[in-house]
Amino acid sequence: MARGKLIVIDGLDGSGKATQSGLLAEAMARHNPRGARLVSFPDYESPSAALVKMYLAGEFGQRAGDVNAYAASSFYAVDRYASYRRFWEADYCAGVDILANRYATSNMIHQMGKLPRDEWDGFREWVKEFEYRKLGLPEPDRVLFLDMDPSLSARLLSARYHGDESKKDIHEADTAYLRSCRESALYAAEREGWTVIPCNEGESILSIEEVARRCAAAVGLE
């Protein structure tokens, strides 16, 4: 039996990944007789995310750069491996399509910028070798990057927390870091063949419906 498709939606914090992932998973389910399943990373409800939670809470350092790119990436990779083996490997192998809200791609977005630029290509190859070949996680069939100006995504994050900045994790609280992540993401998108989905036009954030239409079109579901 053929495996399902693995589609990934990724983006900066506050870019609307959860909303768009849910909508696209529903659209995918309507087009696959075996259905579709939504998975999200990190899996904060699982013990496998313990190191991720400690990292984001600042227990290894108050700034993202206090934990090097390879160490932080391994925290997230182990959480994905546990999720795959425990919860969705069987469905995927049985032909169910999978929509992932974040995936190995997130390490290229959020960790690569910690390194000197001349090491970015080596890091991208390390991520793929480690997660897809060493850990055995499936490679995505398509990656959609929700591209929103970091100043706008930061505004949405503040609204999410009703202005309480103390609720932000060490990634969300660092606007300069978010800008660096966008640079890393666009670099990776060009070299990895990701589809970039613009989510704003100038200072105007596009509607949920318009972004959903663009995502569906990108995977041939429009």
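Provided above is the structure to which this section pertains.
Here the structure is a predicted model, which is why all the values come from computation and not from measurement. (Residues numbered from 1 in each chain as written. Predicted model: local features only at pLDDT ≥ 70, side-chain atom pairs only at ≥ 80, totals over all residues. Heavy atoms only, no water.)

(A) Quick peek at the packing of aromatic side chains. Under the defined criterion, the tally for this structure stands at 13 aromatic pairs. Between Tyr 103 and Tyr 132, the aromatic rings sit 6.3 Å apart at their centres with planes inclined by 20°, giving stacked as the arrangement. Taken as a pair, Tyr 103 in the loop between β3 (97-101) and α4 (105-110) and Tyr 132 in helix α5 (residues 120-134) lie far apart in primary sequence, 29 residues in all. Among the aromatic residues, ring-to-ring pairing joins Phe 41, Tyr 84, Trp 88, Tyr 92, Tyr 103 and Tyr 132 into one connected group. (Phe/Tyr/Trp six-rings, centres within 6.5 Å; stacked < 30°, edge-to-face > 60°. Helix = DSSP H or I, 4+ residues; strand = E, 2+ residues; numbered from the N terminus.)

(B) Here's a closer look at unusual backbone geometry. Put simply, Phe 41 and Pro 42 share a cis peptide bond, and its omega is -5°. You can see Pro 42 is positioned in the loop between β2 (36-40) and α2 (50-56). Backbone geometry places Arg 102, a non-glycine residue, at a positive phi of 75°. Summarising the element assignment, Arg 102 is placed in the loop between β3 and α4. The exposure class of Arg 102 is buried, given its relative accessible area of 13%. (Buried < 20%, exposed > 50% of the residue type's maximum accessible area, 1.4 Å probe, protein only.)

(C) Spotlight on the sheet that holds strand β5 (residues 195-198). The sheet built from five strands is open, its strands ordered β2-β3-β1-β4-β5 with parallel pairing. Of all the strands in the sheet, just β2 and β5 have a single pairing partner and so form its edges. The average angle at which neighbouring strand axes cross in this sheet is 20°, direction not considered. One ladder, built from five bridges, connects β2 with β3; its direction is parallel. Counterpart to Ala 36 in the pairing with β3 is Asp 97. Against the sheet, helix α1 (residues 17-31) engages β1 (6-11), β2, β3 and β4 (142-147), with an angle of about 175° to β3. Set on the sheet, helix α8 (residues 208-218) makes contact with β4 and β5; between it and β5 the angle comes to about 165°. (Pairing = 2+ DSSP bridges. Axes fitted to C-alpha atoms, helices over the stretch in contact; angles between N-to-C directions. Contact = heavy atoms within 4.5 Å.)

Remember that the coordinates give geometry; whether it matters functionally is a separate question.
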